[in-house]
Amino acid sequence: MLLRPARLFSLIVARSYTCSVRQTFRWRLHRAASVSRGLKSMEPLKACQGPEVPTTNPVPRSTGPSADVVSPAPTDTRRDKEATPPVGLLPGETVVKEGRASILFPNANEVFYNPVQEFNRDLTCAVITEFARDLLAQRGVKVVVPGEKERVVVSLAEEMNDADVQMEEKNGAAVPAVTAAVGEKCELGLRVLEGLAASGLRSVRFALEVPGLQSVTANDFSAKAAALIARNAQYNGVEHLLQASCRDASMLMYEKRGKKERYDVIDLDPYGSPSSFLDAAVQAVSEGGLLCVTCTDMAVMAGNSGETCYSKYGSVSIKAKYCHEMALRIILHSLDQRAAVYQRYIQPLLSVSVDFYIRVFVRVFTGQATVKNSASKQALVYNCVGCGSFHLQRMGRRTSNGKHMKYSAATGPPVGPECDQCGQRHQLGGPIWAEPIHNLAFVQRVLSAVSGNPSRFGTSKRIEGMLSMVTEELEDVPLYYTVDSLSSTIHCNTPPLLQFRSALLHAGHRVSLSHACKNAIKTDASPSVLWDIMRCWEKTNPVKREKLSQTSPAFKILSTEPGLEACFTVREDANPQSRKRHLTRFQENPQAFWGPKARAKSSGGSISMDLQDKRKKCQNKRKNQITDSSQLKNFPCKRFKQGTCTHGDKCCYSHDTEQTNPEKTE
């Protein structure tokens, strides 16, 4: 059959167009499959060879007309995410959403994730944002936070002198002309390292919520975790900022010790103790950089294992009511000691004790002269085992001699062989950090930013309550007492918190609460004043003296007459603002068994059982409890297997070696 030339030409064009469409579709399908296979079966050896595992090739961005000031091209993260096809879920994966991030998370326990630490991640984003605001302002860059209103500075011209006017003109001339928003790469921005990234959730949130970043390196020693970080970066559209790395965290930081290669921010959030990473971290952070450290080994730092605490942090922990604040001061002492080796020193910005972990934010500087003050910043703790009174002994002494500072050995001890109040012996703990653990000016800026933009974080209310308590704490008073422990020592009723605080205020002493404990009392009053107040309270709420042992601390304390007349009339300033406003100051259990989760499988070769199943297997070994001793014959004798059973035929367990536990065969 012959076709006309026009008809033949149209068929050829249509066929060629169909073939081109099919080839394009097959090529895209083949490319998507290859990318999926590459991400799914990422070879551990290949992932661990290089220092970084890039997600994809970064998209080149314009640098602006000026060569000195880099102005990144504006980008819309949501639009880029819609334009980029989403990474498909692998079998067994789910999507975890937190903040502005959506994380692909495997159901198997191959990568660690703890949803309870959302407060930790929210607080870290808020702190790094304020740190970036201060640091980048010196570089001529202004950060823009979504949902934050423009800060208006009101100046009173009538109260300003000539120096203030000159300072205002100087500051006005240096108004930053370059802005940095979230999701944009800023060439003058911060270089951030998350040394132990796991799923990369924290790093992805940095890229999506913290403005003024140049790069974010998410490192993890697990090859599967590094592959998951790469996929999460692509899934959230932040591959131009976030790079996955599969390296040993310490070695990676040791390689970045050069002054031009250091990171502006280093975040360490290990499962357990961070002690093995602290030495490398204090060297790899830049001059004036921010070091964020999380410790989840609270039991070790709270006095359960003093020898283990000394081996990790160089300090002996003791069991006391102030153990949570002491844990903060132990980690700060450890950081300062490790930094002093390299002629560096720390300045704490914020230190919080939360639930089962602690979180510290410190800046690291270099200065040989300032490092000499390190000894005078550390102190030993003498804690009475009877009444709980404590005294601090500084490790060093410094005195000002005009323009020069004289350093000498400290004098002491501050206590005698026995406690002056109860006659019991003392425990010796420490050394600990004895200087302020917060920078109140910085904390106030973070608090203002969070309270002014509450929709930014899911835990904004709790951050506001926590930081409000931090701003009310006494800076120069280490550690604290608890009202219930004081009353428990002398076996009397516990005085109301406001009345006890009012008694201290009436006596002319300062007093505050603590964010680390609900009923804590931080005061500059000596232990003798505290016990005089408790003696006065006992007179109105007497205890049965005849039931007290003559060797007990209560008998010794109550046998002494008080040296002052305490007044328990409630004062208006005894109730702090955070308590009046009923702020959310402490964690409420979000769910059952919400504490620390199981460690992720480093090999990734097996799936760990659910925590509830493990609890049933380990703690409830017998489903049906045995009430008849004759049923024990169904269970083999363990001592008979070891050859140590001496009961013979009279043994209540079975000596049949072929018999097995019927419950194990189910």
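Residues numbered from 1 in each chain as written. Predicted model: local features only at pLDDT ≥ 70, side-chain atom pairs only at ≥ 80, totals over all residues. Heavy atoms only, no water.

Student: What am I meant to see in the packing of helix 18 (residues 497-506) against helix 19 (residues 527-540) here?
Tutor: Two quantities define a packed helix pair, namely the angle between the axes and the distance from one axis to the other. Running from amino to carboxyl end, helix 18 crosses helix 19 at an angle of 125°, the nearest separation of the two axes being 11 Å. As far as their axial angle goes, helix 19 and helix 18 are oblique. In this structure, helix 18 crosses over helix 19, and the sense of that crossing is right-handed. The residues of helix 19 that touch helix 18, namely those facing Q499, F500, A503 and L504, are L530, I533, M534 and W537. In the contact of helix 18 with helix 19, the residues fall into seven nonpolar, one polar and no charged. (Axes fitted to C-alpha atoms, helices over the stretch in contact; angles between N-to-C directions. Helix = DSSP H or I, 4+ residues; strand = E, 2+ residues; numbered from the N terminus. Parallel < 35°, antiparallel > 145°, perpendicular 65-115°, else oblique. Left-handed = near helix turned anticlockwise from the far one by under 90°. Contact = heavy atoms within 4.5 Å. Nonpolar A, V, L, I, M, F, W, Y, C, P; charged D, E, K, R; others polar.)

Student: What should I look at first to understand the packing of aromatic side chains in this one?
Tutor: A ring pair, where both rings are aromatic, is described by two values, the distance of the centres and the angle of the planes. Scanning all chains against the criterion turns up five aromatic pairs. Their ring planes at 65° and their centres at 5.0 Å tell us that Y322 and F390 sit as a pair that is edge-to-face. Here F390 lies in strand 13 (residues 390-394) and Y322 lies in the loop between helix 11 (306-313) and helix 12 (323-340), a separation of 68 residues in the sequence. For the pair formed by Y322 and F390, the shared burial category is buried. Aromatic pair W537 and F568: ring centres 5.3 Å apart, planes at 65°, arrangement edge-to-face. Residue W537 is found in helix 19, and its partner F568 is found in the loop between helix 20 (553-558) and helix 21 (577-580); the two are separated by 31 residues along the sequence. Across the pair, exposure class does not vary: W537 and F568 are buried alike. (Phe/Tyr/Trp six-rings, centres within 6.5 Å; stacked < 30°, edge-to-face > 60°. Buried < 20%, exposed > 50% of the residue type's maximum accessible area, 1.4 Å probe, protein only.)

Student: Is there a simple way to think about helix 16 (residues 460-472) in this case?
Tutor: An α-helix turns once every 3.6 residues. As a result, residues three or four positions apart point the same way. If you check helix 16, its first and last C-alpha atoms are 18 Å apart, about what 13 residues at 1.5 Å a residue would give, namely 18 Å. Helix 16 sits mainly inside the fold: ten of its 13 residues count as buried. For helix 16, the full list of buried residues reads S460, R462, I463, E464, G465, M466, L467, S468, M469 and V470. Structurally, helix 16 contributes buried residues whose contacts are with helix 4 (118-138), strand 10 (344-354), helix 15 (440-452), strand 18 (511-514) and helix 21. (Expected span 1.5 Å × (residues − 1).)

Student: I keep staring at the packing of helix 15 against helix 16 and nothing clicks. Help me out?
Tutor: Their axes nearest at 10 Å, the elements helix 15 and helix 16 cross at an angle of 155°. One finds that helix 15 runs roughly antiparallel with respect to helix 16. The interaxial crossing formed by helix 15 with helix 16 has left-handed handedness. Counted together, L440, V443, Q444, V446, L447, V450 and S451 of helix 15 and S460, I463, E464, L467, S468, V470 and T471 of helix 16 form the full contact between these two elements. Broken down by class, the residue content of the contact of helix 15 with helix 16 amounts to eight nonpolar, five polar and one charged.

Student: Please clarify how helix 4 should be interpreted in this entry.
Tutor: When the terminal C-alpha atoms of helix 4 are compared, their 31 Å separation across 21 residues agrees well with the 30 Å that a helix rising 1.5 Å per residue should span. Burial runs high along helix 4: 17 of the 21 residues are buried. Looking one or two places after helix 4, you find G140, whose phi comes out positive at around 80°.

Student: Please explain the pattern of salt bridges as it appears in this structure.
Tutor: When their charged atoms lie close together, side chains carrying opposite charge are able to pair. On inspection of all chains with the given rule, the structure shows 25 salt bridges. K539 is the salt-bridge partner of E561, the closest N and O atoms lying 3.4 Å from each other. Note that E561 is positioned in the loop between helix 20 and helix 21 and K539 in helix 19, a separation of 22 residues in sequence. Exposure remark for E561: the relative accessible area of 56% places this residue in the exposed category. Beyond isolated ion pairs, a larger network of salt bridges with shared partners links E98, R121, D122, R205 and E209. (Salt bridge = Lys/Arg side-chain N within 4 Å of Asp/Glu carboxyl O.)

Taken by themselves, the reported measurements are silent on function.
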